[in-house]
Amino acid sequence: MKRTQKKITTETTENKQQAQDFIPYGRQWITDDDAAAVSAVLRSDFLTQGPQIELFEHALSEYTGAQHTVAFNSGTAALHAAYAALGVGAGDEVITTAMTFAATANAALYVGAKPVFCDIDPTTGCLNPELLESHIGPNTKVIATVDYAGQPSALEEIYRIAKRHSLAVVEDACHALGATYKNSKIGDGSYADITIFSFHPVKHITTGEGGALQTNSTDLFQKAAQFRSHGITKDPTQFQNENDGPWYYEMQFLGFNYRMTDIQAALGTSQLKRADRMLQRRFAIVQQYAQAFRDQRFFEIPPVVADTVHAYHLYPIRLSAQLAKRKKELSQRLSALGVGTQVHYLPVYQHPYYQSLGYPAGLCPVAEQFYTEELSLPMFASMTDAAVHKVATTLLRVCGELER
Ligand SMILES: *Cc1c(COP(=O)(O)O)cnc(C)c1O
């Protein structure tokens, strides 16, 4: 009796609290079950390279329908491994989108390749397949598409173009765990050679830091797994030199230490059990936002694209021309009122480092325009109804004030 009462009180307090406190654009949701799973590993024999990694990898394969999963200590490490496993190297080109987190392009630089930026579809923010072919040249090795905000890319078109030119497709699905495209779950390999996920705390499920690569190719799987651990194999059937004894292992190419810990993997497995429920919560928030924003002229809400299920990692709105000019003020005022927002993304090549590599302004005009209009509203599974209501009413009020 006492316990039940306490629980109800806590939940109500939490509800009120979240509407009063600062609401970030994204955050994790950790339960007692998650904490217990982590705690059990802390008291077990293995903190890393124990049984938890494989359990998490199997659970991820089952969740998306992929044949193979390799867990990494970040999504960025998984991207690096993907390009390396595909044999991308110096002199090669990776076509990607400017509307992404820098890591998608950075990982191409890690292997000595050159990122080539293709412009986006102005409605979805994803790579525009109509512009893709004009970027393909003799040095192109990979097309790395990004499922922006959780909206699957135009995967069928991209995959068809890639295969016509004998190119590999890497799908950066760090925003899209749980999304589907034409009845195929993102990660199942129907339209990508390799799919990448991230488990950073703002993503759908978290391991603190973490990521994964999925593929249906046994060869790519083996290479990526070996890349994760210095290029070392302990599998005697793979040895190139003589097997000296039970201690023997071989380093066969230059890899990295990109391993996830068992502590992280246990958290991931526990989180993954709730992935669909958490996704459903995101859908409910989308409904609540859509209802609140139905009769206004300040901005457009994310489009609904036929034959796809959006995973809503982000809720990107597109401001009217008038409000886009005052986005800085809008974001500052919202923040002062306890509503966090973020902008996804400054086109990658507009970062100083990429400018220093010689990428000119104006390379992807649609992405540059998108950047001026886009604002990501708070969107995370543990967001309460009260918090969603607060975001919506605060936003509408401030937009009205700024338009006057
Ligand atoms: C989060 C993210 C990454 C990188 O993931 P980390 O786990 O932070 O390294 C890569 N690409 C996109 C699009 C992302 O959102």
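Residues numbered from 1 in each chain as written. Predicted model: local features only at pLDDT ≥ 70, side-chain atom pairs only at ≥ 80, totals over all residues. Heavy atoms only, no water.

Break down the sheet that holds strand β9 (residues 211-215) for me, citing the residues and quoting the values.
Backbone-to-backbone hydrogen bonds pair the strands of a sheet. The strands run either parallel or antiparallel. Spatial strand order, β1-β9-β8-β5-β4-β2-β3: 7 strands in an open sheet with mixed pairing. Both outer strands of the open sheet, β1 (68-72) and β3 (114-118), are each paired with one neighbouring strand and no more. Strand after strand, the sheet turns through a mean of 20° between neighbouring axes, direction not considered. One ladder, built from 4 bridges, connects strand β8 (residues 194-198) with β9; its direction is antiparallel. Directly across from Phe-197, in β9, lies its bridge partner Ala-212. Strands β1, β2 (93-97), β4 (140-146), β5 (168-172), β8 and β9 of the sheet are contacted by helix α4 (residues 75-85), whose axis makes an angle of about 165° with β8. (Pairing = 2+ DSSP bridges. Helix = DSSP H or I, 4+ residues; strand = E, 2+ residues; numbered from the N terminus. Axes fitted to C-alpha atoms, helices over the stretch in contact; angles between N-to-C directions. Contact = heavy atoms within 4.5 Å.)

I'd like to hear about the site of the ligand, residue by residue, with values.
As a structural note, the neighbourhood of the ligand is formed by 15 residues, with Gly-75, Thr-76, Asp-172, Ser-198 and Lys-203 the closest of them. Here a nitrogen atom of the ligand sits 2.8 Å away from a polar atom, N or O, in the side chain of Asp-172. Elements with a minimum of two residues in the shell around the ligand: α4 and α5 (103-110). Looking at the shell around the ligand element by element, the count peaks at 3 residues for α4. Taken together, the residues that form the shell around the ligand break down as 5 nonpolar, 8 polar and 2 charged. (Near = heavy atom within 4 Å. Polar contact = N/O pair within 3.5 Å; in protein donor to acceptor, adjacent residues only side chain to side chain. Nonpolar A, V, L, I, M, F, W, Y, C, P; charged D, E, K, R; others polar.)

Any details on the side chain of Thr-233? Residues and values, ideally.
Locating Thr-233 in the fold gives a position in strand β10 (residues 232-233). Residue class for Thr-233 comes out buried when judged on its relative accessible area of 8%. (Buried < 20%, exposed > 50% of the residue type's maximum accessible area, 1.4 Å probe, protein only.)

Report on the packing of helix α10 (residues 275-292) against helix α15 (residues 385-403), specifying residues and quantitative values.
In contact at an axis separation of 10 Å, α10 and α15 are set at 30° when each is read in the N-to-C sense. Remark: the crossing between α10 and α15 carries right-handed chirality. Contacts from Arg-281, Ile-285, Gln-288, Tyr-289 and Ala-292 in α10 reach Asp-385, Val-388, His-389, Val-391, Ala-392 and Leu-396 in α15. Partitioning the contact of α10 with α15 into residue classes produces 7 nonpolar, 2 polar and 2 charged. (Left-handed = near helix turned anticlockwise from the far one by under 90°.)

How would you summarise helix α3 (residues 52-64) if you had to cite specific residues and measurements?
Counted at 1.5 Å a residue, the expected span for α3 with its 13 residues is 18 Å, and the 19 Å between its end C-alpha atoms agrees. At the exit of α3 stands Gly-65, carrying a positive phi of roughly 95°. (Expected span 1.5 Å × (residues − 1).)

Which residues make up the state of the cysteines, and what values go with them?
Under the definition given, this model contains 0 disulfides. We note that Cys-126 lacks a disulfide partner, and the nearest cysteine sulfur, in Cys-118, lies 12 Å from it. Cys-126 sits in the buried class, given a relative accessible area of 2%. (Disulfide = S-S within 2.5 Å.)

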